[in-house]
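Examining the three-dimensional arrangement
One-letter residues, chain by chain:
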Amino acid sequence: MALQAALLPSTLSVPKKGNSLAAAVVKDTAFLSVPQKKAPSLCVRTHVATPTAPVATPGSSTSSMDKKKTLRQGVVVITGASSGLGLAAAKALAETGKWHVVMACRDFLKAAKAAKSAGMADGSYTIMHLDLASLDSVRQFVAHFRRSGMPLDSLVCNAAIYRPTARTPTFTADGYEMSVGVNHLGHFLLARLLLDDLNKSDYPSRRLIILGSITGNTNTLAGNVPPKANLGDLRGLAGGLAGKNKNGSAMIDGAEDFDGAKAYKDSKICNMLTMQELHRRFHEDTGITFASLYPGCIATTGLFREHIPLFRLLFPPFQKFITKGFVSEEESGKRLAQVVSDPSLTKSGVYWSWNKDSASFENQLSQEASDPEKARKLYELSEKLVGLA
Ligand code: LMG
Ligand code: NDP
Ligand code: PMR
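Please read these numbers as outputs of a predicted model, since none were measured by experiment.

1. Describing the pairing of strand E3 (residues 99-105)
E3 sits mainly inside the fold: seven of its seven residues count as buried. Alternating residues of E3 divide into Trp99, Val101, Met103 and Cys105 and His100, Val102 and Ala104, and every residue in both groups is buried. Relative to E3, strand E2 (residues 74-79) runs parallel, the two being bridged by six bridges. Note that in E3 the partner of Gly74 across the bridge is Trp99. Once you follow E2 into helix H3 (residues 84-96) and on to E3, the crossover reads as right-handed. Relative to strand E4 (residues 125-129), E3 runs parallel, the two sharing five bridges. Considered in E4, the bridge of Ala104 is made with Met128. For the crossover from E3 across helix H4 (residues 108-117) to E4, the handedness is right-handed.

2. Topic: the site of ligand 3
What surrounds ligand 3 is a group of 19 residues, the closest being Tyr162, Ser213, Thr215, Tyr264 and His307. Within the side chain of Thr215, a nitrogen or oxygen atom sits 2.4 Å from an oxygen atom of ligand 3. Within the side chain of Gln319, a nitrogen or oxygen atom sits 3.3 Å from a nitrogen atom of ligand 3. Of all the elements in the fold, those that place two or more residues in the shell around ligand 3 are helix H8 (260-286) and helix H9 (309-323). Looking at the shell around ligand 3 element by element, the count peaks at five residues for H9. Here the shell around ligand 3 is built from residues that sort into 13 nonpolar, five polar and one charged.

3. Quick notes on the pairing of strand E6 (residues 207-211)
Along E6, five of the five residues are buried, which leaves the element largely enclosed by surrounding structure. Direction of pairing for strand E5 (residues 154-157) relative to E6: parallel, over a ladder of four bridges. In the strand pairing of E6, Val156 is matched with Ile209.

4. Some remarks on the packing of aromatic side chains
Summed over the entire model, instances satisfying the criterion amount to eight aromatic pairs. On the basis of an interplanar angle of 75° and a centroid distance of 5.1 Å, the ring pair of Phe188 and Tyr379 is categorised as edge-to-face. With Phe188 in helix H6 (residues 178-200) and Tyr379 in helix H11 (residues 372-385), the pair connects residues that are 191 residues apart, well separated along the chain. Across this residue pair, the class does not change: Phe188 and Tyr379 are buried. Grouping aromatic residues by their ring pairs yields a cluster made of Tyr162, Tyr264, Phe304, Phe311 and Phe315. Note that Lys320 overlies the ring of Phe326, its terminal NZ or CZ placed 4.7 Å from the centroid.

5. Brief notes about the site of ligand 1
Tyr162, Pro164, Lys265, His307 and Ile322 are the nearest of the 15 residues found near ligand 1. Between ligand 1 and Lys265 there is a distance of 3.2 Å, counted from an oxygen atom to a side-chain nitrogen or oxygen. For ligand 1, an oxygen atom lies 3.1 Å from a polar atom in the side chain of His307. Burial of ligand 1 by the surrounding chains reaches 45%, relative to a free accessible area of 1,200 Å². Elements that contribute at least two residues to the shell around ligand 1 include exactly H8 and H9.

6. Thoughts on the environment of Pro204
Of note, Pro204 is situated in the loop between H6 and E6. Judged by its relative accessible area of 12%, Pro204 falls in the buried class.

7. Thoughts on the state of the cysteines
The final tally for this structure, using the stated rule, is zero disulfides. Between Cys157, a cysteine without a disulfide, and Cys270, which holds the nearest cysteine sulfur, the sulfur-to-sulfur distance is 13 Å. When its relative accessible area of 2% is taken as the criterion, Cys157 is described as buried.

8. What about H3?
If you check H3, its first and last C-alpha atoms are 19 Å apart, about what 13 residues at 1.5 Å a residue would give, namely 18 Å. For H3, a buried count of 10 out of 13 residues is recorded, marking the element as mostly surrounded by other parts of the structure. Within the span of H3, buried status applies to Gly84, Leu85, Gly86, Leu87, Ala88, Ala89, Ala90, Ala92, Leu93 and Ala94. Where the residues of H3 are buried, they touch E2, E3, H4, E6 and helix H10 (329-341).

9. Some thoughts on the pattern of salt bridges
Enumeration according to the criterion identifies 19 salt bridges in this entry. Arg192 is the partner of Glu383 in a salt bridge, and the nearest nitrogen-oxygen pair spans 2.4 Å. Of this pair, Glu383 sits in helix H11 while Arg192 sits in helix H6; the two residues are 191 residues apart in sequence, bridging distant segments of the chain. Accessibility expressed as a relative area gives 14% for Glu383, which makes it buried. Two residues, Arg335 and Glu331, come together in a salt bridge whose shortest N-O distance is 3.6 Å. Of this pair, Arg335 and Glu331 are both found in helix H10, four residues apart, which corresponds to roughly one turn of the helix. Classification of Arg335 as buried rests on a relative accessible area of 8%. Glu331 gets classed as partly exposed once you look at its relative accessible area, which sits at 24%. What emerges from the salt-bridge pattern is a single network uniting Glu277, Arg280, Arg281, Glu373, Arg376 and Glu380.

Rules and cut-offs
- Residues numbered from 1 in each chain as written.
- Chains lettered and ligands numbered in written order.
- Predicted model: local features only at pLDDT ≥ 70, side-chain atom pairs only at ≥ 80, totals over all residues.
- Heavy atoms only, no water.
- Buried < 20%, exposed > 50% of the residue type's maximum accessible area, 1.4 Å probe, protein only.
- Helix = DSSP H or I, 4+ residues; strand = E, 2+ residues; numbered from the N terminus.
- Pairing = 2+ DSSP bridges.
- Right-handed = clockwise from strand over helix to strand, strands pointing away.
- Near = heavy atom within 4 Å.
- Polar contact = N/O pair within 3.5 Å; in protein donor to acceptor, adjacent residues only side chain to side chain.
- Nonpolar A, V, L, I, M, F, W, Y, C, P; charged D, E, K, R; others polar.
- Phe/Tyr/Trp six-rings, centres within 6.5 Å; stacked < 30°, edge-to-face > 60°.
- Lys NZ or Arg CZ within 6 Å of the ring centre and 35° of its normal.
- Areas by Shrake-Rupley, 256 points an atom, 1.4 Å probe, with all protein chains shown as cover.
- Disulfide = S-S within 2.5 Å.
- Expected span 1.5 Å × (residues − 1).
- Contact = heavy atoms within 4.5 Å.
- Salt bridge = Lys/Arg side-chain N within 4 Å of Asp/Glu carboxyl O.

By themselves, these are just geometric observations and shouldn't be taken as functional.
Have a look at this one:
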């Protein structure tokens with residue numbers, strides 16, 4: 001893998017606190033349109049500069065030559081960092097001092113409150129507005145991020161919605177079924193646009209991570225709980241996922257009836273297929289690591305907010321005591337943080353999972369979630385739907 005120099009010269013470290021670039025970044029939000037119903041400001045920087053503090057290179061040797069070389073602070077963008085796994089990973093990474101976290105969130109004030117109440121230190125993160133239910137917002141986020149002057153060293157596509165009891169679809173601003181629109185298409189555009197930025201980064205290990213899940217994999221017990229994920233021949237996606245096509249289907253497989261639980265599981269297959277297709281298309285040339293993961297069953301997060309109250313009450317004890325698949329938000333955050341920054345997890349094209357002792361391993365994806373032909377087709381259709389082809 002084309003890893004660049006493992007250690008960066010100190011001349012590459014980014015501007016110091018209080019510099020003019022950073023000051024401009026703090027104030028420069030006017031060029032962005034303010035999203036409806038949301039917080040008035042799109043970016044609050046809780047510190048003044050792009051990452052400064054040189055930190056020791058993980059695993060670097062202690063020879064006198066090496067001591068002089070330092071690795072600058074990395075910059076990681078995490079979508080949906082206002083709750084659950086995203087927030088826990090943001091906190092875990094920020095706490096190390098090795099990472100500056102860009103929290104890309106749809107609800108600015110919620111994110112600000114969440115960061116504060118999680119105890120994230122001022123200066124360790126920046127909040128930027130991103131609503132994955134709008135491709136315009138995705139493009140605006142990318143423009144905004146670039147204007148900030150920060151490098152991009154790692155991108156985590158984490159945000160998701162789950163509409164477990166929905167029997168009728170809702171749609172994104174662009175007219176795509178919401179679960180697939182947010183979880184897959186919004187992230188697809190974001191990832192594609194930010195690939196350039198990752199590629200420009202001088203950071204030794206650049207990574208693009210997309211959250212997958214066990215429930216999208218039918219080679220597991222959890223993946224066999226109905227309704228099961230299945231993309232079929234992607235005819236619903238090819239038909240535009242229903243928003244603007246009255247005769248189309250809102251389900252990827254083209255099914256007539258909408259099923260919110262299945263739509264989520266289908267979107268997770270898309271996430272896992274996308275990671276692999278990105279790996280096939282870009283890893284060799286760019287050296288970027290593409291990875292996905294199942295962080296464990298984090299049964300207490302906001303993901304289940306739309307489930308019936310009885311489910312929300314019973315699901316955590318069920319996972320804790322019966323399936324034993326339960327993992328706390330804190331532990332899952334550490335797992336995701338590992339995939340972002342652990343020097344031993346640089347392998348690309350991998351779907352990571354953790355065993356009972358919380359040790360990571362390369363997991364096997366289901367046949368459908370690892371089908372290269374489906375991945376290619378999904379990729380090409382998605383490019384069309386997000387306006388890249
Ligand atoms: C659907 O219901 C909803 O209809 C839908 O709206 C959406 O919410 C969706 O996935 C989300 O769920 C699923 C429903 C039907 O499951 C239930 O919620 C039923 C719960 C019934 C509780 C059963 C009692 C179990 C133990 C009691 C413990 C008390 C705590 C209870 C906490 C409950 C929290 C959930 O699901 C079913 O039809 C039930 C049967 C599912 C079993 C599926 C297992 C299939 C196994 C097949 C094996 C295949 C082999 C694979 C290879 C494996 C290799 C390792
Ligand atoms: P949460 O609901 O706690 O977090 C989801 C995040 O996504 C929230 O910050 C939410 O924002 C954000 N989000 C939702 N819609 C949008 C949007 N349109 N634009 C931008 N952000 C949005 O769920 P989890 O932390 O559990 O889920 C995180 C990831 O982990 C998901 O990809 C999920 O599929 C995956 N996962 C979760 C598992 C679990 O057991 N919980 C298991 C396996 C995978 P807001 O705070 O404003 O609502
Ligand atoms: Mg599941 C055997 C282990 C296991 C694991 C690890 C999960 C994870 N689940 C398991 C088993 C079962 N679940 C069984 C036997 C049942 C039937 C009683 C069951 C039910 C169930 C429901 C109704 N499970 C669920 C739901 C949801 O609504 C969640 C879902 O499917 O969201 C899409 C869910 C989950 N189970 C999991 C995980 C990780 C989830 C959250 C889904 C995700 O993010 O992918």
